[in-house]
Amino acid sequence: MQRHYTHPICTPTRASMMTGRLPVHVLDEFSPACGDEAGAVPVNMTTVGDKLSQAGYMTHFVGKWDN
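Residues numbered from 1 in each chain as written. Predicted model: local features only at pLDDT ≥ 70, side-chain atom pairs only at ≥ 80, totals over all residues. Heavy atoms only, no water.

Visitor: In this structure, what is going on with the overall build of the protein chain? I would like to understand it.
Guide: Helix and strand content of the protein chain: 2 helices and 0 strands. Expressed as a percentage of its 67 residues, the buried residues of the protein chain come to 16%. Pairs at least 24 apart in sequence give 36% of the contacts found in the protein chain among residues at least 6 apart. Of the accessible surface of the protein chain, which amounts to about 5,800 Å², a share of 57% is contributed by carbon and sulfur atoms. (Helix = DSSP H or I, 4+ residues; strand = E, 2+ residues; numbered from the N terminus. Buried < 20%, exposed > 50% of the residue type's maximum accessible area, 1.4 Å probe, protein only. Contact = heavy atoms within 4.5 Å. Areas by Shrake-Rupley, 256 points an atom, 1.4 Å probe, with all protein chains shown as cover.)

Visitor: For this particular structure, what's the right way to read the side chain of Thr-47?
Guide: Inspection of the secondary structure assignment puts Thr-47 in the loop between α1 (10-19) and α2 (48-54). Exposure remark for Thr-47: the relative accessible area of 17% places this residue in the buried category. With sequence-adjacent residues up to four places away left out, Thr-47 is seen in contact with Met-18 and Thr-19.

Visitor: Whenever I open this one, α1 confuses me. Can you help?
Guide: Because an α-helix completes one turn every 3.6 residues, residues spaced three or four positions apart along the sequence face the same direction. For α1, the complete set of buried residues consists of Thr-11, Pro-12, Ala-15 and Thr-19. All buried residues of α1 project into a common sector of 95° when viewed along the axis, lining one side. Downstream of α1 by one or two residues, Gly-20 has phi in the positive range, about 75°. (Arc of directions from axis to C-beta.)

Visitor: Sorry, what's going on with the environment of Arg-14 here?
Guide: Secondary-structure assignment places Arg-14 in helix α1. With 27 residues separating them along the chain, Arg-14 and Val-41 place their C-alpha atoms 9.1 Å apart.

Visitor: Where do I start with the side chain of Thr-19 in this structure?
Guide: Of note, Thr-19 is situated in helix α1. With relative accessibility at 7%, the residue Thr-19 sits in the buried group. A distance of 3.2 Å separates a polar atom in the side chain of Thr-19 from the backbone nitrogen of Arg-21. Not counting residues up to four positions away in its chain, the partners in contact with Thr-19 are Val-26, Val-41, Met-45, Thr-46, Thr-47 and Val-48. (Polar contact = N/O pair within 3.5 Å; in protein donor to acceptor, adjacent residues only side chain to side chain.)

Visitor: Mind showing me how you'd approach a nonpolar patch on the surface here?
Guide: On the surface, Val-48, Leu-52 and Tyr-57 cluster together into a nonpolar patch covering about 270 Å² of accessible area. Summarising the element assignment, Val-48 is placed in helix α2. (Patch = residues over 30% accessible without salt bridge, like charges linked within 9 Å, V, L, I, M, F, W, Y side chains within 5 Å. Salt bridge = Lys/Arg side-chain N within 4 Å of Asp/Glu carboxyl O.)

Visitor: Explanation requested: the environment of Pro-12 in the structure shown.
Guide: Along the chain, Pro-12 falls in helix α1. Separated by 15 residues in the primary sequence, Pro-12 and Leu-27 place their C-alpha atoms 7.4 Å from one another.

Structure below.
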């Protein structure tokens, strides 16, 4: 990996990590506050964890809580 990019707020970056998609393809709008429902990944969207589970892997996602 030669380069990596993150968004200045956490919600789009987290959405990309969970889905393997660019934030613009996951979220309708970017929430200025982390954890806001407006920035949630749609429940019907397939995640990287879903695909790995289907392939027989055990998955776990760890993050941090902003307060």
